[in-house]
Amino acid sequence: MLDLGVERVAVKANEGRSLLCSAGVTESASWLPADAFDTTGAGDAFAAGHIHGRLTGMTGRECCRLANAFGALAVARRGAGLAMPAIDEALALLGASDGPS
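Rules behind the numbers
Residue positions within a chain follow its written sequence, with the count starting from 1. In keeping with the model being predicted, local features are shown solely for residues with a pLDDT of at least 70 and side-chain atom pairs are shown and tallied solely at 80 or more, while totals for entire chains, interfaces and linings include all residues. Note: side-chain values were computed over all heavy atoms of the structure, leaving out hydrogens and water. Helix numbering and strand numbering both begin at the N terminus, where a helix is a DSSP run of H or I of at least 4 residues and a strand a DSSP run of E of at least 2. Between the two quantities, the radius of gyration covers C-alpha atoms and the globule rule is 2.2 Å times the number of residues to the power 0.38. Only protein chains enter the accessibility calculation, which uses a 1.4 Å probe. A residue is then buried if its area is under 20% of the maximum for its type, exposed if over 50%, and partly exposed in between. Two residues qualify as a contact provided that any one of their heavy atoms is within 4.5 Å of a heavy atom in the partner residue. Every accessible area reported is derived by Shrake-Rupley at a probe size of 1.4 Å, with residue values counting cover from the shown protein chains alone. Here Asp and Glu are counted as negative and Lys and Arg as positive; His is not counted, and neither are the chain ends. In plain terms, the charge of a residue is placed at NZ if it is Lys, CZ if Arg, CG if Asp and CD if Glu. Paired strands, as defined in this entry, are two strands with at least two bridges between them according to DSSP. For helices, the fitted line uses only the C-alpha atoms of the stretch in contact; every axis is such a line through C-alpha atoms, and the angle between N-to-C directions lies from 0 to 180 degrees.

Draft legend 1. View of the overall build of the protein. Helix and strand content of the protein: three helices and three strands. Start at the N end of the protein and walk to the C end: the helices and strands fall as β-β-β-α-α-α. For the protein, whose C-alpha radius of gyration is 13 Å, the value lies close to the compact-globule estimate of 13 Å for 101 residues. Based on the C-alpha atoms only, the size of the protein along its principal axes is roughly 40 × 30 × 25 Å. Within the protein, buried positions represent 33% of all 101 residues. In the protein, once contacts between residues fewer than 6 apart in sequence are set aside, the share between residues at least 24 apart is 54%. In the form shown here, the protein has an accessible surface area of approximately 6,000 Å², with 56% of it arising from carbon and sulfur atoms. Where the 8 positive side-chain charges of the protein centre and where its 11 negative ones centre are 1 Å apart.

Draft legend 2. Here's a closer look at the pairing of strand S1 (residues 8-12). With five bridges connecting them, S1 and strand S2 (residues 17-22) associate as antiparallel partners. Within S2, the residue paired with Ala10 across the bridge is Leu20.

Draft legend 3. Local environment of the sheet that holds S2. Spatial strand order, S1-S2-S3: three strands in an open sheet with antiparallel pairing. Both edges of this open sheet fall to S1 and strand S3 (25-30), since each of them pairs with a single strand only. Averaged over all neighbouring strand pairs, the angle between strand axes comes to 15°, with direction disregarded. Contacting S1 and S2, helix H1 (residues 42-55) runs over the sheet at an angle of about 140° to S1. Here helix H2 (residues 60-75) sits on the sheet and contacts S2 and S3; the angle it forms with S3, its principal contact strand, is near 35°.

Here is the structure:
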C-alpha cells in the first residue's frame, strides 16, 4: 500500500502487536489484555484510536497504544455504536497498563 502512495498503514498483527508503517519507518505497541466478549466494532474502535492519535499529534507508537486501548475496551462490551469506548476510558486504561508497550 505504501508503494501505491498511501502515507501510513495501521495493522493489527498476529504477533500480539499493532503496527503503524510509513515510508521507511515501522512503529509498534503490544496489545493490551482484554476479556473478549464481542468483537463487533473492534476494528472500528481500533481505527478510531489511530485516527484520534494522528489528529491530535501523537507519535506513531502512541497512536498504536491508543488504538490498542480502544480495541481492548471494545471487545469487552456487547455491540457497537453507543457501546464504543470514549477517549477518557482509553486514556485511563493506558494509564493503568503496567505491561510492555
